Amino acid sequence: MPEPTKKRITDIGPPHYEQFLPPAVKANYGKWLYHEFVRPGVLMHASETGDKLYTVRAGGSRLMSIDKIRMICDLADKYCEGYLRFTSRHNIEFMLTDPSKIDALIADLAKLGHPVGGTGRSITSIVHTQGWIHCHSAATDASGIVKAVMDGVIEHFQNEDLPAKCRIALACCLNMCGAVHCSDIAILGVHRRPPMIDHASLKKTCEIPNVSASCPTAAIRPGVVNGFESVVVEEDRCMFCANCYTVCPSMKLNDPLNDGVSIWVGGKVSNARHEPMFSKLAIPYIPNNPPRWPEVVDAITNIIDVWKANARLNERLGEWIERVGWPRFFQLTGIQFEKLHIDDFKHAGLTFKRSAHLMY
Amino acid sequence: MADEFPKTPLLDELEKGAWPSFVSEIKMAAKRNAASRDLLGLLERSYREKIGHWKHGGIVGVLGYGGGVIGRYCDVPEEFPNVSHFHTIRVNQPSGWYYSTSALRKICDIWERHGSGLTNMHGSTGDIILLGTRTDELEPTFSELTEVGFDLGGSGSDVRTPSCCLGKSRCEWACYDTMALTYDLTKSFQDELHRPAFPYKFKFKMSGCPNDCVASVARADISIIGTWRDDIRIDHDAVMEYAEKGLDIQKHVVNFCPGKCMEWTGKKLTIDNSTCRHCMHCLNLMPKALRPGKDQGAVVLIGSKAPIIEGALLSSVLIPFWNPQPPYSDLKDLVGRIWDLWCEEGKNRERIGEFIQRVGMGNFLEMIGVEPIAEMVAHPRENPYVFYEEYLVEDDGEEEEGQN
Ligand code: HEM
Ligand code: HEM
Ligand code: SF4
Ligand code: SF4
Ligand code: SF4
Ligand code: SF4
């Protein structure tokens, strides 16, 4: 039984990070001089104090059980004085001061099924969202595709064998929880069928003016259907954004016959060389094919192989495409260019080729 | 049903291969947890039918908070009663995602008692995600979390949990203390974080240098990216060392410099810092030889977002160079003015970036009292439809307010 008199604690915010810093990190905070890539998955940071810190980066699945977290804690206790960290891309980082323990740690990680890599010119873990594990809006699963794709490209996680780094991300619908729209390769779940409206329930669960107002293309207007006060959708204007579904559960777009994924390429967020760029459409639609989505895996490994074979060192996918041009990207990858590749939303004109700068 | 392990022939396929398998993770938790067993069964069914089985979220939470919990109900509760409620709790991560194992174990123990035993380390905003529990477990989980020093993160139309790269703790390029700023902002905005009162979500992301490892330029309403103003520090001996070890400095460093501001004679590297764009390429290739200058600070940018509703945006420059000094009052004042305006004039579900597009960047700057400067644009307008604001009338030659 909880004590009834216990004071409720609120608004304390996160714990202060300092208590979680490994001693070597705390001692050298703000004093780091440079780093070296020791080998794929292992970094060495050198400090002006003379200290050296070795980081071992292990790939993780974003979805983790507490059992696994405890096993990882065991390793951190054994090798890292009881500290560890996670990266923004679901990797786990172990920091050691004694390089002679690195091999043993990597061997222990292998026993747990966690490969080491993701540094330098590599593919690192895929940032992704919830999918069928937890979300109502999903046009595809997230974890399953990610697992299948990572199995397919794991050599590029474990070896720094690419022209530059390659960031892959997945979002299971256009809400895009996670910054997939600026990734080297983005996998995006798409709906392709206009809302299947539950007219009987709509008036009860949603405010009709809100539903109409939610549509970016003004495709929704109030209407009476089968005697119910509801809305009607002008289907030609629907671009399947599911914004209406976000505000109203009676506007479901999820549909096994039509949902699937699209592939986008050439984005980046870092400022290195080229300014940040959005990803652009490479493949408009691939049907969902669980459990391993082989067509998606093939499409992605093909794009990576073509980039690797043709790009110059340092060129991220988008930088390479910018140099050789989109026609050559389509030609070399064998992806068919089609009507859907041409933008037709606001400011679409800015994406047309507006010069004679063409390559033959 | 949930007492036995469901048969999952499709999901079992995802236990094959070398990458860590989320299916194995769910199975590990399912040995002791009925909700995880039902999740397996439900997910197998989604894989068979190619559709998710979750209902549109409901409003659930802990007392006094409007955010931090994502309500979730399964649409086939008769068949999978243990995931009939499967709410997630967002727990505010410590800056830089560092943990002691004792803190992590405490979270695991709490989640063993009160939830599915499944987590996301971490969600894409940065929180620890405790994946799946029942409504009546929310309060007890929250109370035990706060007892060990953790609090909930944001969700809904509030300040979302700020996040940052590890900055000065382990990166030589960090031009300001990202972890300290993130901690300070999170503590200062507890009310805005827990009690949604905005038109929509508002995110802060802090990166220590222009490599932008937390993708702030693409997914934060306020993106704070470290940079420097003086000369890149060059260690000429270390440059030679890279050259001797086989780095083709001309081909791989100089030729890729977007500022075309580097020169390499084969013996000496020089940089015309007046046209350096602070892109990080040369530093990335020669970390031992090149370092950011000493006059360090950050660029503050505003307004990025994913496509919903009006299309994707990248953040754009608001302050070209800011010197972050605790308690960061100048930034907080500015953010306060932005929130006041946005709460007053913003439409429901309109992110700040969309708001700026709607009212115009020039007008927005005027409304928040910031001078327009050339650093804020890639180039001046090309479009001649200018909303001139004043015109002369014949009578007295004085300027009067026009219609616009
Ligand atoms: C070569 C030395 C580099 C080191 C040591 C380094 C370090 C890191 C670290 C520690 C992280 C994890 C961040 C965190 O979780 O706090 C990270 C992520 C990342 N880094 Fe770097 N970085 C380097 C270079 C770069 C470069 C050159 C780029 C871009 C061209 C880059 C772009 C990114 C991105 C995009 C992420 C992931 C952000 C996300 O989660 O989406 N980094 N890097
Ligand atoms: C209008 C746009 C958006 C809507 C309607 C939306 C809606 C949702 C919903 C319903 C969930 C719950 C998923 C679940 O059941 O666990 C969710 C989760 C989440 N969203 Fe969004 N989202 C939007 C955009 C974004 C963006 C742009 C980001 C980040 C940049 C983001 C970050 C997250 C994160 C971190 C989660 C937690 C689960 C995860 O890590 O994937 N969301 N969002
Ligand atoms: S991207 Fe869409 S489907 Fe995926 S978690 Fe976010 S809202 Fe849900
Ligand atoms: S899915 Fe988007 S475009 Fe289609 S009706 Fe709904 S809001 Fe409008
Ligand atoms: S953003 Fe810059 S300072 Fe921060 S971790 Fe990445 S490289 Fe280092
Ligand atoms: S930081 Fe970028 S722009 Fe500046 S000198 Fe280096 S490569 Fe050139």
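In every chain, residue numbers begin from 1 and rise along the written sequence. For naming, the first written chain is A and the first written ligand is 1, with later ones following in the order written. The predicted nature of this model means local features are confined to residues of pLDDT at least 70 and side-chain atom pairs, given and counted, to a pLDDT of 80 or more, with totals for whole chains, interfaces and linings taken over all residues. Water and hydrogen atoms play no part in the side-chain values, which are based on all heavy atoms of the structure.

### Observations regarding the domain arrangement of chain B
All names here are of chain B. Its domain assignment divides chain B into domain 1 (9–147), domain 2 (163–228 + 295–390) and domain 3 (233–291). Domain start and end points were adopted from an automatic or database domain assignment. One C-alpha centre belongs to domain 1, the other to domain 2; they are set 32 Å apart. Every contact between the two is made by 12 residues of domain 1 and, on the other side, 17 residues of domain 2. Buried surface area refers to the total accessible area, computed with a probe of radius 1.4 Å, that the two partners give up upon joining, counted for both partners together. Here domain 1 and domain 2 share an interface that buries about 1000 Å² over both sides, 49% of which is from carbon and sulfur atoms. Only heavy atoms matter for contacts: two residues are in contact if any of them lie within 4.5 Å across the pair.

### Considerations on the packing of aromatic side chains
For Phe, Tyr and Trp, where Trp contributes only its six-membered ring, two rings pair if their centres lie within 6.5 Å, and the inter-plane angle classes them as stacked under 30 degrees, edge-to-face over 60, or tilted in between. Taken as a whole and judged by the stated rule, the model has 25 aromatic pairs over all chains. Between A:Phe329 and A:Phe330, the ring centres sit 5.4 Å apart and the planes meet at 80°, which makes this aromatic pair edge-to-face. We note that A:Phe329, like A:Phe330, is buried. Joined through ring pairs, the aromatic side chains of B:Phe189, B:Phe198, B:Phe202, B:Phe204, B:Trp339 and B:Trp342 make up one cluster. A ring has a charge above it when a Lys NZ or an Arg CZ is no more than 6 Å from the ring centre and no more than 35 degrees off the ring normal. Over the ring of A:Tyr285 we find A:Arg192; its NZ or CZ atom is 3.4 Å from the centre of that ring. Buried means the residue's accessible area, taken with a 1.4 Å probe over protein chains only, is under 20% of the maximum for its type, while exposed means over 50%, and partly exposed covers the values in between.

### Quick notes on the interface of chain A and chain B
Each partner contributes residues to the interface: chain A has 115 residues there, and chain B has 115 residues. Surface buried jointly by chain A and chain B totals about 10200 Å² across both partners, of which 61% is contributed by carbon and sulfur atoms. Each reported salt bridge corresponds to a side-chain nitrogen of Lys or Arg within 4 Å of a carboxyl oxygen of Asp or Glu. A salt bridge links B:Arg32 to A:Asp67; the nearest nitrogen and oxygen atoms lie 2.2 Å apart. Here a polar contact is recorded for every N or O atom pair within 3.5 Å, except that within protein the pair must consist of a potential hydrogen donor and a potential acceptor, and residues adjacent in sequence are included only if both atoms are side-chain atoms. Where chain A packs against chain B, one counts 59 residue pairs in polar contact (both at pLDDT 80 or more). Secondary structure elements are defined from DSSP: runs of H or I of at least 4 residues count as helices, runs of E of at least 2 residues count as strands, and each element is numbered from the N terminus. Top element by residues in the side of chain A that touches chain B is helix H2 (residues 66–79) of chain A. It accounts for 10 residues. Pairs of strands are assigned from DSSP output, requiring at least two bridges between the strands. Alignment of strand E4 (residues 63–65) of chain A against strand E6 (residues 118–121) of chain B, held across 3 bridges, turns out to be antiparallel. Across the sheet, the residue bridging to A:Ser65 is B:Leu118, located in E6(B).

### Comments concerning the state of the cysteines
All names here are of chain A. In this description, the term disulfide denotes a pair of cysteine sulfurs within 2.5 Å. One pass over the structure, following the stated rule, counts 1 disulfide over all chains. Covalently, Cys206 is tied to Cys248 through a disulfide, its sulfur atoms 2.0 Å apart. On the S-S bond that ties Cys206 to Cys248, the torsion sits near 75°, and the link is right-handed. In this pair, Cys206 is assigned in the loop between helix H5 (199–205) and helix H6 (208–213) and Cys248 in the loop between helix H7 (243–247) and strand E12 (251–252), connecting sequence segments 42 residues apart. The exposure class assigned to Cys206 is buried, which follows from its relative accessible area of 8%.

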